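# Structural characterization, general
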Amino acid sequence: MLTRRHFITTSATLFSGALALPAAAQDRVDFDTTVERPDPDPFANNPWGLHPRFMPTRVAHRDGLVPGDIHVDAVAKYLYLIGTDGTAMRYGVAIGRADLYESGVFTINRKQEWPSWRPTDEMIAREPNVYGQFADGMPGGPENPLGARALYLYEGGRDTLLRIHGTPQPWSIGTSASSGCVRMVNAHIIDMYESVALGATAHLYPPV
């Protein structure tokens, strides 16, 4: 069973120690040039004013973790992408607010650069004044809530409507702010995107 308690008791040995960072991925579409950062290397600076612990960091991990898997610690607000060399990349994230975050084990069955977005029916019903105007959807772009990239989480072949995605609100990183998805800084998910394969597993741990 996937539990936060299990993650807490093992995380000290799962991930430890900061290592040297890799070179940044190259921007791939025109929108990427609009990402607000003074240097094309997303690791070289922190224009978003994030707490340093939420900046990308390479950490060591114990044996037994599957390369390519993603682990999200909902309490620490960290996402780990497991590498092939005994290390993982750790990124700061935002998660769903209140009871909107959903833990579980999911499969990434779809990826999209600069995705379009439509709020779920539940979001529209819950906050019609906020989301009703987007009932017909919103094209991809720098102001789109899904940001620069999106990883679509499935369970048993069913689209859960949960995503790991970029955001035009980088100041929300480190908080519980979304409507259920996991948010990353656009520059960070751009860097991570090509390293995430279709069929990879995403472990989202409970926030308790």
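Look up: the structure comes first, before these words.
Summarised in this report is the structure supplied together with it. The model shown is predicted, which means the values in this text are computed figures rather than measured ones.

### Here we look at the pairing of strand 12 (residues 201-204)
- As defined by bridge partners, strand 3 (residues 70-73) adjoins strand 12 across three bridges and the pair is classed as parallel. Note that in strand 12 the partner of Ile70 across the bridge is Ala202.
- Summarising the sheet, strand 7 (residues 104-113) and strand 12 pair through four bridges and their orientation is antiparallel. Considered in strand 12, the bridge of Phe106 is made with Ala202.

### Observations concerning the environment of Pro119
- Counting through the fold element by element, Pro119 comes out in the loop between strand 7 and helix 2 (121-126).
- Exposure remark for Pro119: the relative accessible area of 0% places this residue in the buried category.
- For the pair Pro119 and Leu161, spaced 42 residues apart in sequence, the C-alpha to C-alpha distance is 9.5 Å.
- For Pro119, the residues in contact, after removing those within four places along its chain, are Ile124, Tyr131 and Phe134.

### Things to note about the nonpolar core
- Ile70, Leu79, Ile164 and Met192 are the most contacted members of the largest nonpolar core, which has 25 residues in total.
- Put simply, the parts of the chain that give this core at least two residues each are strand 3, strand 4 (78-82), strand 5 (87-92), strand 7, strand 8 (149-155), strand 9 (158-165), helix 4 (186-193) and strand 12.
- Among the elements that make up this core, the one with the highest residue count is helix 4 (three residues).
- When near neighbours in sequence (up to four residues on either side) are disregarded, Ile164 contacts Ile70, Leu79, Arg149, Ala150, Leu151, Leu153, Val182, Met184, Ile189 and Ala202.
- In terms of nonpolar packing, the next biggest core, distinct from the first, is built from 15 residues, Phe54, Tyr78, Ala94 and Ile173 among them.

### Focus: the pairing of strand 2 (residues 57-61)
- Burial of strand 2 is extensive: four of the five residues sit out of reach of the surface.
- The pairing of strand 2 with strand 5 spans four bridges and is antiparallel. Note that in strand 5 the partner of Thr57 across the bridge is Arg90.

### Regarding the layout of surface pockets
- Taken as a whole, the largest pocket spans an internal volume of roughly 820 Å³.
- Trp117, Thr120, Met123, Ser179 and Cys181 are the residues nearest the centre of the largest pocket, which is lined by 34 residues in total.
- Residues of the lining of the largest pocket, tallied by class, amount to 16 nonpolar, nine polar and nine charged.

### Overview of the pattern of salt bridges
- Counted by the stated rule, this structure contains five salt bridges.
- In this structure, Arg97 and Glu127 form a salt bridge, with 2.6 Å as the shortest nitrogen-oxygen distance. Of this pair, Arg97 sits in the loop between strand 6 (95-96) and strand 7 while Glu127 is found in the loop between helix 2 and helix 3 (128-131), placing the two residues 30 residues apart along the sequence.
- Judged by its relative accessible area of 23%, Glu127 falls in the partly exposed class.
- Of the charged contacts, one joins Glu113 and Arg149 as a salt bridge, the two residues approaching to 4.0 Å between their closest N and O atoms. With Glu113 in strand 7 and Arg149 in strand 8, the pair connects residues that are 36 residues apart, well separated along the chain.

Criteria and cut-off values
Residues numbered from 1 in each chain as written. Predicted model: local features only at pLDDT ≥ 70, side-chain atom pairs only at ≥ 80, totals over all residues. Heavy atoms only, no water. Pairing = 2+ DSSP bridges. Helix = DSSP H or I, 4+ residues; strand = E, 2+ residues; numbered from the N terminus. Buried < 20%, exposed > 50% of the residue type's maximum accessible area, 1.4 Å probe, protein only. Contact = heavy atoms within 4.5 Å. Core = buried A, V, L, I, M, F, W, Y, C linked by side-chain atoms within 4.5 Å. 1 Å grid on protein atoms, 1.4 Å probe; cavity = no way out; pocket = protein on both sides within 12 Å on 5 of 7 lines; lining within 4 Å. Points joined across faces, edges and corners; volume = space filled by probe spheres on them. Nonpolar A, V, L, I, M, F, W, Y, C, P; charged D, E, K, R; others polar. Salt bridge = Lys/Arg side-chain N within 4 Å of Asp/Glu carboxyl O.

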